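Breakdown of the fold
Here is what each chain is made of, one letter per residue.
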Amino acid sequence: MMAETKEISIGDAQARADALHSEKMAINVGPSHPTTHGVLRLVMDLDGDTIHRVDPVVGYLHRGDEKIAENMTYNQFVPYTDRLDYLAPLANNMAYAIAVEKLAGIQLPERCEAIRVITAELARISSHLLGIGVFAMDTGAWTPFMYCFTEREKLFDLFEELTGARFTTSYTRIGGVTRDLPEGWTDKVLKFLDEFRRTLDEVDGLLSRNRIFYDRCVGVGVISREKALDYGLTGANLRGCGIDWDLRRDKPYSGYEKYDFEVPLGSTGDCYDRFLVRMEEVKQSAHIVKQAIEQLPGGLWYAEDAKKLYLPPKSKVLTSMEELIQNFMLVTQGPEVPEGEVYFEAENPKGALGFYVVSHGGGVPYRLKIRGPSFCNLSILSELLPGHMLTDVTTILGSLDFVMGECDR
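Residues numbered from 1 in each chain as written. Predicted model: local features only at pLDDT ≥ 70, side-chain atom pairs only at ≥ 80, totals over all residues. Heavy atoms only, no water.

1. Considering the side chain of N377
Note on placement: N377 falls in helix α15 (residues 373-378). Residue class for N377 comes out buried when judged on its relative accessible area of 1%. Engagement of the side chain of N377 in a polar contact is seen with the backbone nitrogen of T234, the distance being 3.3 Å. Every residue in contact with N377, bar those within four places of it in the chain, is listed here: L233, T234, N237, K350 and L400. (Helix = DSSP H or I, 4+ residues; strand = E, 2+ residues; numbered from the N terminus. Buried < 20%, exposed > 50% of the residue type's maximum accessible area, 1.4 Å probe, protein only. Polar contact = N/O pair within 3.5 Å; in protein donor to acceptor, adjacent residues only side chain to side chain. Contact = heavy atoms within 4.5 Å.)

Shown next as structure tokens:
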């Protein structure tokens, strides 16, 4: 007697789950696990290898950044923004500084705006290079990770020359940036942008048409447009679903409206679409940086008229009594920010990073609330993971490209 057989598509996770009849089992992934990209714990009920229920648990890294901000001056909090998404501190600094500057009504010189755009887009390239490389490693491809990491190290050399630090740079100040671009630095950036494209093409060739990578990503972790909006997804995770929204273009700041760039979109919202969107975003960021360098205006890199907000350059502090007093007052009491409240969000590598600042006057914020993109992007896990196989968890987490320092702040 022949046994009854039933044909099931390998991509149909629900059909595979229905065909299995096994006892449910609870399993923990994390909080300290290589595939969770930080201290994230996933409590899952499995039916065989199929995920039946997921309960994401965060809170292991909680540092109270928002309360820390309410007990120090505006400039003293800049280094803490480095440690939110520690893969893109230059972009975090910029978003926080713009929020405070809007509250204080500061207009920055064009050169300062251009420098901030250059550093923020280089931070995006750095962050996406690591995100793409780690995602490849999560699916079993080691070589692209090493290629991406090598290029990221070259970027860190440039960051070190500009800011004095490789990782937590603290480059931005309220009312400007710490220092002007070093002589010859932009030439090195342009050289890097030309060279890293060849590496990016190699990574593209190794991954995009790789049969294993393709099968592990296509049709896996599909997020519909409606669900993406319901859960407040932003950044490449939102654009991977086909939603055409980018704050740099749609709510421009720091002069982004002057640059020509495209916003790449996905179509199905699966892991493969999110990978392709990040690959293209890296190319577009390089395009923006080249434009910003070609159009780089002269002048100051800080708002000279904001004497109650910006720390004067060291050379002036050592030679002028007025600047010495200005420096002393700002360091001891903080910048003079008028009463009011403001919310500003910037298009960071992980998505929309927002700062809500309430001032009662003086140099310390009365309240500060941070909207971290990784927290919102991860909130969809409990709905996204059920129905997938346990091995898909690694792929889906890698495709969302989150940082727990920003999620669990």
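2. Here we look at the packing of helix α7 (residues 185-207) against helix α12 (residues 271-294)
In contact at an axis separation of 11 Å, α7 and α12 are set at 165° when each is read in the N-to-C sense. Taken together, α7 and α12 sit at an angle that is classed as roughly antiparallel. Both α7 and α12 take part in a crossing whose hand is left-handed. Listed contacts from α12 to T186, V189, L190, L193, D194, F196, R197, L200, D204 and L207 of α7 are F275, M279, V282, K283, A286, V289, K290 and I293. Residue composition of the contact of α7 with α12, by class: 12 nonpolar, 1 polar and 5 charged. (Axes fitted to C-alpha atoms, helices over the stretch in contact; angles between N-to-C directions. Parallel < 35°, antiparallel > 145°, perpendicular 65-115°, else oblique. Left-handed = near helix turned anticlockwise from the far one by under 90°. Nonpolar A, V, L, I, M, F, W, Y, C, P; charged D, E, K, R; others polar.)

3. Digging into the environment of D230
As for its position among the elements, D230 is in helix α9 (residues 225-230). Taking the C-alpha atoms as reference points, D230 and I380, separated by 150 residues in sequence, lie 9.1 Å from one another.

4. Concerning the state of the cysteines
What the rule picks out here adds up to 0 disulfides. Note on C148: no disulfide assigned, nearest cysteine sulfur contributed by C217 at a separation of 14 Å. Residue C148 is classed as buried on the basis of its relative accessible area of 3%. (Disulfide = S-S within 2.5 Å.)

5. Quick notes on the layout of surface pockets
Put simply, the second largest pocket is a space of about 260 Å³. I98, K102, I106, Q107 and E113 are the residues nearest the centre of the second largest pocket, which is lined by 13 residues in total. Among the elements of the structure, α4 (89-104) and α5 (110-138) are those that each provide at least two residues to the lining of the second largest pocket. Here the lining of the second largest pocket gets 3 residues from one element, more than from any other, and that element is α4. (1 Å grid on protein atoms, 1.4 Å probe; cavity = no way out; pocket = protein on both sides within 12 Å on 5 of 7 lines; lining within 4 Å. Points joined across faces, edges and corners; volume = space filled by probe spheres on them.)

6. Things to note about the pairing of strand β9 (residues 351-359)
Judged by how many residues are buried, β9 sits mostly within the fold: 8 of 9 residues are covered. As judged from the 9 bridges shared by strand β8 (residues 340-348) and β9, these two strands associate in the antiparallel manner. By the bridge assignment for β9, A346 is matched with L353. Between the antiparallel neighbours β8 and β9 lie 2 residues. Here β9 pairs with strand β10 (residues 367-371) via 5 bridges, running antiparallel. Its bridge partner lying in β10, G354 is registered against R371. (Pairing = 2+ DSSP bridges.)

Everything listed is a geometric property; what it means functionally is a separate question.
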